[in-house]
Structure formats: C-alpha cells, structure tokens
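# Analysis of the macromolecular model
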Amino acid sequence: MELDILFMRNIEVLIIPDVHGRTFWKDALAKFPKSQYPNIQIVFLGDYLDPYTGYEPITKEQAFNNFKEILALDDDRITLLIGNHDWHYFVNLDTCRIDRAHEREIEKMFTDNISRFRLHKVIELDGCKYLFSHAGITQKWLDDISMMAAQEYN
C-alpha cells in the first residue's frame, strides 16, 4: 500500500478517457486532490455525452447532468479535449446518438465554453513530448473538421 501511495505522488499526468455520461472521472479526480497534487496535469479525452444506453444504465439526462458537472470544474490542472461525439454539437452533424432533448442547450454549453476545449494537448515529460488527442490526428481529419467548421460559421 505504501509503495502505491509513493508511486501515485510521482504521477504527472492523469488521463480521463471517453466519458459518455459515466461518472468514473469523479473517483479518479478524488484520488488526486489539488492540495496534494498541485502539478498533475489532467486531460479529459472527450466524448462527454452520447452514452451507450444499450450497454450501460446511463440515460441521456444523466449524461447531460454529468457534462454540466465537468464544465463546472474549476481546476487549472484540467484540459478538456474534443471527441468525435462532441463535434456534432458544434457543427450540426446528424448522428443517431445525439441528445435531441438537450441538443440546443448542449450546443450552447460547448460554444459558451469554447475557449476551454482543445483538439490536442502536448505534455513534456522527462525531455520527451507526448501528444494527447481523442483518437489521433491526421491531415485529412484536420482538413475535414476545418471545412465543416468553416461551412457552419460562414
């Protein structure tokens, strides 16, 4: 147990993978309070909404409220990345799992907080740079996203 605690004190990055309405991130953040781990970098990899309702007992309402909680986090250690299940709230893509009941509210939540979201995060550890993104970055993906955003906002 002490070895685990010693190891945990040296952790520099905490990655929170696809949320999809789940609350596991709360337990992860609780293990690394700012008072004890002021320098840890926390990276949410995106996909905050659109739960897998057929596989997990999470409703879209619960996912919506969970997303509100994430946006309410006031912690400068946190970076929020955008996932593919977040883009359709930015550019009005029609997907089967979009939360139609809260769609406009979610779009507003994303746009009101746009400065908090990133496509990627680069973190340097021990002289090496690491790129974090939702699912990788290719030139085609960047071109496609840029084109969709330009069409939406022009």
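A word on the sheet that holds strand E3 (residues 78-81). Ordered by their spatial adjacency, four strands build an open sheet running E1-E2-E3-E4, and the pairing between neighbours is parallel. Taken across any chain shown, the strands that pair with only one partner, and hence form the sheet edges, are strand E1 (13-16) and strand E4 (117-118). Bridge analysis of E3 against E4 gives two bridges, and the strand direction is parallel. Of the residues in E4, the one forming a bridge with Leu 81 is Arg 118.

For the rest of this paragraph, the subject is the environment of Ser 133. By the secondary structure assignment, Ser 133 is in strand E6 (residues 128-133). Spatially, the C-alpha atoms of Ser 133 and Val 122 are 8.9 Å apart, while their sequence positions differ by 11 residues. Not counting residues up to four positions away in its chain, the partners in contact with Ser 133 are Leu 45, Leu 81 and Leu 119.

Following the sequence through the fold, His 134 ends up in the loop between E6 and helix H6 (139-153). Judged by relative accessible area, His 134 falls into the buried class, the value being 17%. A polar contact is formed between the side chain of His 134 and the backbone oxygen of Leu 45, at a distance of 2.8 Å. Polar side-chain contacts of His 134 include one of 3.2 Å to the side chain of Asp 47. Not counting residues up to four positions away in its chain, the partners in contact with His 134 are Asp 18, Leu 45, Gly 46, Asp 47, Leu 81, Ile 82, Gly 83 and Asn 84.

The subject of this paragraph is the pairing of E1. Both E1 and strand E2 (residues 41-44) contribute to a ladder of four bridges, which runs parallel. The residue bridging Val 13 from the neighbouring strand is Gln 41, located in E2. Following the chain from E1 across helix H2 (residues 24-30) to the adjacent parallel E2, one finds a crossover that is right-handed.

Before going further, it helps to examine the packing of helix H4 (residues 84-91) against helix H5 (residues 103-112). At a minimum axis distance of 8 Å, the contact between H4 and H5 shows a crossing angle of 100 degrees. Put simply, H4 runs roughly perpendicular to H5. For the pair formed by H4 and H5, the contact residues are Asp 86, Tyr 89 and Phe 90 on the first element and Glu 103, Ile 106, Glu 107 and Phe 110 on the second. Each residue belonging to the contact of H4 with H5 can be placed in one class, and the counts come to four nonpolar, no polar and three charged.

Positioned with a positive phi, Asp 50 is a non-glycine residue whose angle comes to about 55 degrees. Along the chain, Asp 50 turns up in the loop between E2 and helix H3 (60-72). By relative accessible area, which is 1% here, Asp 50 ends up buried. The backbone phi angle of Asp 126 is positive, close to 50 degrees, even though this residue is not glycine. If you trace the backbone, Asp 126 turns up in the loop between strand E5 (120-125) and E6. Looking at Asp 126, the relative accessible area reads 75%, which means it is exposed.

What follows concerns the nonpolar core. Counting residues in each nonpolar core, the largest one holds 32 residues, and the members touching the most others are Phe 44, Tyr 48 and Phe 110. Counting residues per element, the ones that place at least two in this core are E1, H2, E2, H3, E3, H4 and H5. In terms of residues, this core owes the most to one element, H3, which gives five residues. Residues in contact with Tyr 48, not counting those within four places in the same chain, are Val 19, His 20, Gly 21, Ala 63, Phe 67, Ile 70, Leu 80, Leu 81, Asp 86, Phe 110 and Phe 117. In this structure, Val 13, Leu 45, Leu 81 and Phe 132 belong to the second largest nonpolar core, which totals seven residues.

Quick notes on the rules
Residues numbered from 1 in each chain as written. Predicted model: local features only at pLDDT ≥ 70, side-chain atom pairs only at ≥ 80, totals over all residues. Heavy atoms only, no water. Pairing = 2+ DSSP bridges. Helix = DSSP H or I, 4+ residues; strand = E, 2+ residues; numbered from the N terminus. Contact = heavy atoms within 4.5 Å. Buried < 20%, exposed > 50% of the residue type's maximum accessible area, 1.4 Å probe, protein only. Polar contact = N/O pair within 3.5 Å; in protein donor to acceptor, adjacent residues only side chain to side chain. Right-handed = clockwise from strand over helix to strand, strands pointing away. Axes fitted to C-alpha atoms, helices over the stretch in contact; angles between N-to-C directions. Parallel < 35°, antiparallel > 145°, perpendicular 65-115°, else oblique. Nonpolar A, V, L, I, M, F, W, Y, C, P; charged D, E, K, R; others polar. Core = buried A, V, L, I, M, F, W, Y, C linked by side-chain atoms within 4.5 Å.

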